[in-house]
Amino acid sequence: MFQEENDELVQSFLEHTFFRGWKEDIPNWNRIELNLSPECNLDCAYCYVAKHGDELYPPEIRLKGEDLVNNAKMLIDWLAENGYIPDFDIFSGEPSIKPEFYEIVRYIIDKYKDFERKPHIVVPTNYSFLLSSSLTKKMEDLIQYGAENGVRVYLSASVDGKYCERNRPFKTHPAVDPRTDEFYDKMFAFNKKYRYGFHPMVYADHIDKWKLNFLWFQENFKKYDIPYWFIYLLEVRNPEWHPEQLREFGDFLQFLVKWTFHNIHKGDKYKFLEFLFKLKGYNILDPFSTVGRGIGCAIQSMLYVRLSDLKIVPCHRTSYKQFELAEFKVENGKIVGIKAINPELLITIYSFDARNFPYCEQCPIQNLCSHGCLGAQCEFTGDLFTPFPTLCQLELTKIINIVKALKDIGVLDLVKSTVTPEIRRDIENVEEMLKVKNNAIPRTNVLPNKK
Amino acid sequence: MMGYEAMELLTTGWCPLKCSYCYIPKTAQMKRLHLDIVRRIKGKKLLEEITRVPGGKRHLGFWGTEPTLTLRFLGEQLAELKEICPDLKDLSFSTNMLIDPKIIVDFLASADKVGIESVKVQVSIDGPAFITDVNRAPGATEKIVENLHKFVELLNESEVNLKVVLHWKATLTINNIREMNEHPELIHEYFHFFNKLTSELAQKSKKQNLEIQNSSGPTLVVPGKYTSEDGRVLAKFFKLLAIHKYPNAYVYRALRVFKYRDELYKTRMFTCSGGDSNIGFDGEHIHICHRSFYLDRDEYVESVLEMPEYQNWDVSHFKRGSIKNIQKYYIVEPEDEMNLARFQYVMRGYHDFWKMKLASTYAMIKELALAGQASKIYLENDKMAEMLALFINTALSCPMENLLNTGSIHIPPISLIRLFGNGAFEIIIDEARKNVSRRK
């Protein structure tokens, strides 16, 4: 009876959230992620899968080939039969190297081609398929097939850029990087052709190269006639940032603001504001907008399904055994319902507001902060909701430097007049911090020199 | 490094009983564990180990299974213990009182000699035979009562002068409650039993220093796996208690929030002390509290999973990966300063902040009401939903059970909300209001 009530509760919750969102295309409840596998051809320095992949996607449950595709088909059939039209994210270590990926995406396209409203399919990929002409063709055929049937397949380039790619070596040949200028030329040409964006990660290692790296992106955007704002920068919110790297990160953010203001907008404050709020300021420069959910990341707007065992998990970085939320019930090769595993966590995950996290609750920049990645928080503190101190330093560095740069270019007051009162209050808190910092007696004057 | 004022020590690993609601699955491995513990205590290792934990240690509690099994050895080492912990004032333990009470009286005499100020003895007795004998063991009630009388007689004859507090811990299962709902005369029998026992013992006692507390207000097996129907059963029971003006432990717990409402900004005043001023210590590792003792022993966890009759206990946690998570993050070595600092930082997050746990509980209350699994009042009256969330996270605060059941110290089990959210809390609030309104 206890289990039955839990199942009913989860069903009731999903009915008025995701199920409704998928039917009525309600923003923030309209996506589903199918996580194929943790297998990847790269060995990124900051990657959680490299460190925790066996716990997040245990080897003993991993399906391949037909078995994996069948699970995907069961799920897609169930979605379509119920009239659910979510936007799909196809996630994996690297999906393009898995033959199942192509089959599953084709199945989604086939399933929804006759629907009045069609879903989108988003695929984050490291673009290593461009190193193989056959895989490139396979990918282009897939995109084309989607387009012919009204289903847009979006690729998002998980590529850190020429000067930071050292953080993302190939597993098989770490010393020799095949991503030559020719590879990057192909990548920019590909994204120009399909109007796809880039989402490099701003990481602690090689942070000193990021100004150069950013300019390299911009140079290529110009060369391939890609809009300058087609880049989505996201800081890696892992615990390993040390003070020197934080300083470099802050410098980079100030550079981003000032370079864009002077070189792109030629000092036009209103054009810059438009970039900040409408074009989302490369993502990283826009802590001022609200997202209508409790945290900026997609954890609350996407139902994450680990395809091998059809378990619903909070997200791909928190799919540890103890956090499994629910699972699809299968009978005779068909999905017949949903079984609750952890209804408490399920309700909490989709309803929390990160400003209520312990410690964040009383933080002076709680409305500006991107807040922690729940997976990183859990890896470091053992609790999904407890931010770790270096994350707070990282986010404070980010906010202080953005506010300072906006003040320097004379845009801060305009920003303050545009944002919500809570965000304005936080900006004013940061201004106070900057005043205190500027008036502080330098440590070297009050402390004896250390040898 | 933050120090601890109180410590729950693991001093036993085996219990002769198999109580129906015990949270510790019993396996053959426990005997081995128990022997290890006994060896450690006899070899005075425990004394050495205690010094590893930072803090003043003013209060020590003996935990595990049945603490009287090793009380004799502990009594022999109290002088050294007091030397190691000069601030030590109080000791406490909970017993099933099925052993020879002389063991306890001898221990009290030893404690008195070394200058311990008080000892609290909690007796696990659930009520008359129709409850205790069913929950614990056939014939248990008669034996416990007999031993309690013997205990008071022995204490009268002794020269023990320290303060001794004797009180009852009555735990009811939902089946016990159902039975009393169906036969309300049993409720009278229940309270009559405790009143009689307390007054007989008080009359027998010649000791000024013995305080017998009639803590008969029943407590529940929590968190359990309660349904909304169980919640309605509890509501009926609370209603009967209210009609007959019998004490309800949960009304008192709720009243604490009313009484100290001006202090609510001090979250830690209202949370359980586990991982705050108090910790569990098993001789090797620091735990949030006694609840995770044994869970760092792989051989024990394995033995639970291999139990053929494991259905008798709730072992769902053992299978959900929660144990691994607890082993990795919530059971720490005292010397591992970085890890201990992390543990304390995370636990402060529980004891110093409200919003995460209240918001999470509030969301669950609303969802349960929407799904027809909690009273409609929680949909209509947001304040009531807030009050219930506050109640769940104060009166029933348990970061360790939260962790075991939901994977986070901040999220309480939904079972508790079903239990109290189907009428019971409404009665609690009504009763508490009556008390508050009498305050000047």
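Nothing here was measured: the structure is a model prediction, and the numbers come from that model. (Residues numbered from 1 in each chain as written. Chains lettered and ligands numbered in written order. Predicted model: local features only at pLDDT ≥ 70, side-chain atom pairs only at ≥ 80, totals over all residues. Heavy atoms only, no water.)

**Regarding the overall build of chain A**
Here is step 1 of the chain: Within chain A, the secondary structure is distributed over 15 helices and ten strands.
Here is step 2 of the chain: Taking 2.2 N^0.38 as the reference for a compact globule, 451 residues should give roughly 22 Å; the C-alpha atoms of chain A span a radius of gyration of 23 Å, in line with that estimate.
Here is step 3 of the chain: Its C-alpha atoms give chain A principal-axis dimensions of about 75 × 55 × 45 Å.
Here is step 4 of the chain: The long-range share in chain A, meaning contacts at least 24 apart out of those at least 6 apart in sequence, stands at 74%.
Here is step 5 of the chain: Taken together, the 57 basic and 63 acidic charged side chains of chain A have centroids lying 6 Å from each other. (Helix = DSSP H or I, 4+ residues; strand = E, 2+ residues; numbered from the N terminus. Rg over C-alpha atoms; globule rule 2.2 N^0.38 Å. Contact = heavy atoms within 4.5 Å. Lys, Arg positive; Asp, Glu negative; His and termini not counted. Charge placed at Lys NZ, Arg CZ, Asp CG, Glu CD.)

**A short note on the overall build of chain B**
Here is step 1 of the chain: When helices and strands are tallied, chain B shows 21 helices and eleven strands.
Here is step 2 of the chain: Against the globule reference of 22 Å for 440 residues, chain B gives a C-alpha radius of gyration of 22 Å, in line with a compact fold.
Here is step 3 of the chain: Taken along its principal axes, the extent of the C-alpha atoms in chain B is 60 × 55 × 55 Å.
Here is step 4 of the chain: Across chain B, every contact between residues at least 6 apart in sequence was considered, and the portion connecting residues at least 24 apart equals 80%.
Here is step 5 of the chain: Taken as a whole, chain B presents about 17,900 Å² of accessible surface, with 51% of it coming from carbon and sulfur.
Here is step 6 of the chain: Across chain B, the mean location of the 58 positive side-chain charges is 4 Å away from that of the 55 negative side-chain charges. (Areas by Shrake-Rupley, 256 points an atom, 1.4 Å probe, with all protein chains shown as cover.)

**Brief notes about the sheet that holds strand β9 (residues 326-331) of chain A**
Residue and element names in this part refer to chain A.
Here is step 1 of the chain: If you walk across this open sheet you meet the eight strands as β4-β3-β2-β1-β7-β8-β9-β10, and the pairing is mixed. The two strands at the open ends of the sheet, each matched to only one other strand, are β4 (153-157) and β10 (334-340). Within this sheet the neighbouring strands show an average axis-to-axis angle of 25 degrees, counted without direction.
Here is step 2 of the chain: By the bridge criterion, three bridges tie strand β7 (residues 302-306) to strand β8 (residues 311-313) in an arrangement that is antiparallel. Considered in β8, the bridge of R306 is made with K311.
Here is step 3 of the chain: The strands touched by helix α1 (residues 2-24) are β1 (31-35), β7, β9 and β10; relative to β10, the strand with the most contacts, the crossing angle is about 115 degrees.
Here is step 4 of the chain: Contacts from helix α4 (residues 99-112) reach β1, β2 (87-91), β3 (121-125) and β4 within the one sheet, and its direction differs from that of β2 by about 170 degrees. (Pairing = 2+ DSSP bridges. Axes fitted to C-alpha atoms, helices over the stretch in contact; angles between N-to-C directions.)

**What to know about the pairing of β4(A)**
Residues and elements named next belong to chain A.
Here is step 1 of the chain: Most of β4 is tucked away: four of the five residues are buried.
Here is step 2 of the chain: One ladder, built from five bridges, connects β3 with β4; its direction is parallel. Across the sheet, the residue bridging to T125 is A157, located in β4.
Here is step 3 of the chain: Following the chain from β3 across helix α5 (residues 133-148) to the adjacent parallel β4, one finds a crossover that is right-handed. (Buried < 20%, exposed > 50% of the residue type's maximum accessible area, 1.4 Å probe, protein only. Right-handed = clockwise from strand over helix to strand, strands pointing away.)

**So, the environment of Q373(B)**
Here is step 1 of the chain: As for its position among the elements, Q373(B) is in the loop between α16 (355-370) and α17 (377-380).
Here is step 2 of the chain: The class for Q373(B) is buried, based on a relative accessible area of 1%.
Here is step 3 of the chain: In this structure, the C-alpha to C-alpha distance between Q373(B) and I417(B), residues 44 residues apart in sequence, is 9.3 Å.
Here is step 4 of the chain: Excluding residues within four positions of it along the chain, Q373(B) makes contact with E5(A), E8(A), L9(A), S228(B), L368(B), R418(B) and N422(B).

**Focus: the pattern of salt bridges**
All names here are of chain A.
Here is step 1 of the chain: By the definition in use, this model includes 62 salt bridges over all chains.
Here is step 2 of the chain: Between D408 and K404 there is a salt bridge, and its shortest N-O distance comes to 3.5 Å. Of this pair, D408 and K404 are both found in helix α12 (residues 389-408), four residues apart, which corresponds to roughly one turn of the helix.
Here is step 3 of the chain: Linking E428 and K416 is a salt bridge whose minimum nitrogen-to-oxygen distance equals 3.8 Å. In this pair, E428 is assigned in helix α14 (residues 421-439) and K416 in helix α13 (residues 412-418), connecting sequence segments twelve residues apart. (Salt bridge = Lys/Arg side-chain N within 4 Å of Asp/Glu carboxyl O.)

**Examining the side chain of E361(A)**
Here is step 1 of the chain: Within the secondary structure layout, E361(A) lies in the loop between α10 (343-351) and α11 (374-381).
Here is step 2 of the chain: A distance of 3.2 Å separates the side chain of E361(A) from the backbone nitrogen of W354(B), its partner in a polar contact. (Polar contact = N/O pair within 3.5 Å; in protein donor to acceptor, adjacent residues only side chain to side chain.)

**Points about the environment of N6(A)**
Here is step 1 of the chain: Locating N6(A) in the fold gives a position in helix α1.
Here is step 2 of the chain: Residue class for N6(A) comes out buried when judged on its relative accessible area of 4%.
Here is step 3 of the chain: Considered as a pair, N6(A) and P59(A) are 53 residues apart in the sequence and their alpha carbons are 29 Å apart.
Here is step 4 of the chain: Those residues within four positions of N6(A) in sequence are excluded, and the remaining contacts are A340(A), P343(A), I414(B) and R418(B).

**Examining the packing of aromatic side chains**
The geometry of an aromatic ring pair is captured by the separation of the ring centres together with the interplanar angle, meaning the angle of the planes.
Here is step 1 of the chain: In total, this model carries 68 aromatic pairs over all chains according to the counting rule given.
Here is step 2 of the chain: For the ring pair F214(A) and W259(A), a centre distance of 5.4 Å and an interplane angle of 90 degrees mean the geometry is edge-to-face. With F214(A) in helix α7 (residues 210-223) and W259(A) in helix α8 (residues 243-264), the pair connects residues that are 45 residues apart, well separated along the chain. Each member of the pair, F214(A) as well as W259(A), is classed as buried.
Here is step 3 of the chain: With a centroid separation of 6.4 Å and an interplanar angle of 40 degrees, the aromatic rings of F237(B) and F238(B) are classed as tilted.
Here is step 4 of the chain: When its relative accessible area of 2% is taken as the criterion, F237(B) is described as buried.
Here is step 5 of the chain: Here the guanidinium or amino end of R306(A) rests over the ring plane of Y57(A), the centre of that ring lying 5.9 Å away.
Here is step 6 of the chain: Looking at K357(B), its charged tip hangs above the ring of Y350(B), at a distance of 4.0 Å from the centre. (Phe/Tyr/Trp six-rings, centres within 6.5 Å; stacked < 30°, edge-to-face > 60°. Lys NZ or Arg CZ within 6 Å of the ring centre and 35° of its normal.)

**Some remarks on the side chain of E5(A)**
Here is step 1 of the chain: Assignment of secondary structure puts E5(A) in helix α1.
Here is step 2 of the chain: When its relative accessible area of 5% is taken as the criterion, E5(A) is described as buried.
Here is step 3 of the chain: Looking at E5(A), its side chain comes within polar contact range of the side chain of S228(B), at 2.3 Å.
Here is step 4 of the chain: Sequence-distant contacts of E5(A), defined by excluding residues within four places in its chain, comprise T227(B), S228(B), Q373(B) and R418(B).

**Re the nonpolar core**
Here is step 1 of the chain: Of all hydrophobic cores here, the largest spans 298 residues; its most connected members are L75(A), Y127(A), F288(A) and F420(B).
Here is step 2 of the chain: Filtering out sequence-adjacent residues up to four positions away, L75(A) remains in contact with I32(A), L34(A), V305(A), L307(A), L310(A), F328(A) and I335(A). (Core = buried A, V, L, I, M, F, W, Y, C linked by side-chain atoms within 4.5 Å.)

**A few points about empty space enclosed by the protein**
Residue and element names in this part refer to chain B.
Here is step 1 of the chain: A full pass over the atoms with the stated rule returns six cavities of 30 Å³ or more.
Here is step 2 of the chain: Estimated volume of the largest cavity: approximately 100 Å³.
Here is step 3 of the chain: Along its surface, the largest cavity is lined by 13 residues, and Y23, P25, R291, L295 and F318 are the ones closest to its centre.
Here is step 4 of the chain: Partitioned by chemical class, the residues of the lining of the largest cavity number nine nonpolar, two polar and two charged. (1 Å grid on protein atoms, 1.4 Å probe; cavity = no way out; pocket = protein on both sides within 12 Å on 5 of 7 lines; lining within 4 Å. Points joined across faces, edges and corners; volume = space filled by probe spheres on them. Nonpolar A, V, L, I, M, F, W, Y, C, P; charged D, E, K, R; others polar.)

**Observations concerning the state of the cysteines**
All names here are of chain B.
Here is step 1 of the chain: Counted according to the given criterion, the structure contains zero disulfides over all chains.
Here is step 2 of the chain: Lacking any disulfide linkage, C22 is separated from the closest cysteine sulfur, that of C19, by 6.3 Å.
Here is step 3 of the chain: A residue is classified by how much of its surface remains accessible, and C22, at 19% relative accessible area, is buried. (Disulfide = S-S within 2.5 Å.)

**Section: the interface of chain B and chain A**
Here is step 1 of the chain: Listed as interface residues are 42 residues of chain B and, on the opposing side, 38 residues of chain A.
Here is step 2 of the chain: The contact between chain B and chain A buries some 3,400 Å² in all, and 60% of this surface belongs to carbon and sulfur atoms.
Here is step 3 of the chain: If you look at where chain B meets chain A, you find one salt bridge.
Here is step 4 of the chain: With its nearest N and O atoms 3.1 Å apart, the salt bridge here joins E5(A) to R418(B).
Here is step 5 of the chain: The interface formed by chain B and chain A contains 20 residue pairs in polar contact (both at pLDDT 80 or more).
Here is step 6 of the chain: Contributing elements (two or more residues each) for the side of chain B that touches chain A: α14 (322-329), α15 (337-352), α16, α19 (399-406) and α20 (414-420) of chain B.
Here is step 7 of the chain: When its residues are assigned to classes, the side of chain B that touches chain A shows 19 nonpolar, 14 polar and nine charged. (Buried area = accessible area lost by both parts, 1.4 Å probe.)

**Focus on the packing of α10(A) against α16(B)**
Here is step 1 of the chain: Here α10(A) crosses α16(B) at 110 degrees, and the two axes come no closer than 9 Å. Taken together, the axes of α10(A) and α16(B) lie roughly perpendicular to each other. Contacts between α10(A) and α16(B) involve E344(A), I347(A), T348(A) and S351(A) on the former and, on the latter, M356(B), S360(B), A363(B), M364(B) and E367(B).
Here is step 2 of the chain: Residue classes in the contact of α10(A) with α16(B) are distributed as four nonpolar, three polar and two charged. (Parallel < 35°, antiparallel > 145°, perpendicular 65-115°, else oblique.)

**Observations regarding the sheet that holds strand β3 (residues 90-95) of chain B**
Residue and element names in this part refer to chain B.
Here is step 1 of the chain: With respect to topology, nine strands assemble into an open sheet ordered β7-β5-β4-β3-β2-β1-β9-β10-β11, the strand pairing being mixed. Each of the sheet's edge strands pairs with one partner strand only, and the pair in question is β7 (210-213) and β11 (331-332).
Here is step 2 of the chain: Alignment of strand β2 (residues 59-63) against β3, held across four bridges, turns out to be parallel. Within the sheet, the bridge partner assigned to L60 lies in β3 and is L91.
Here is step 3 of the chain: Set on the sheet, helix α7 (residues 140-157) makes contact with β4 (118-124), β5 (163-169) and β7; between it and β5 the angle comes to about 170 degrees.

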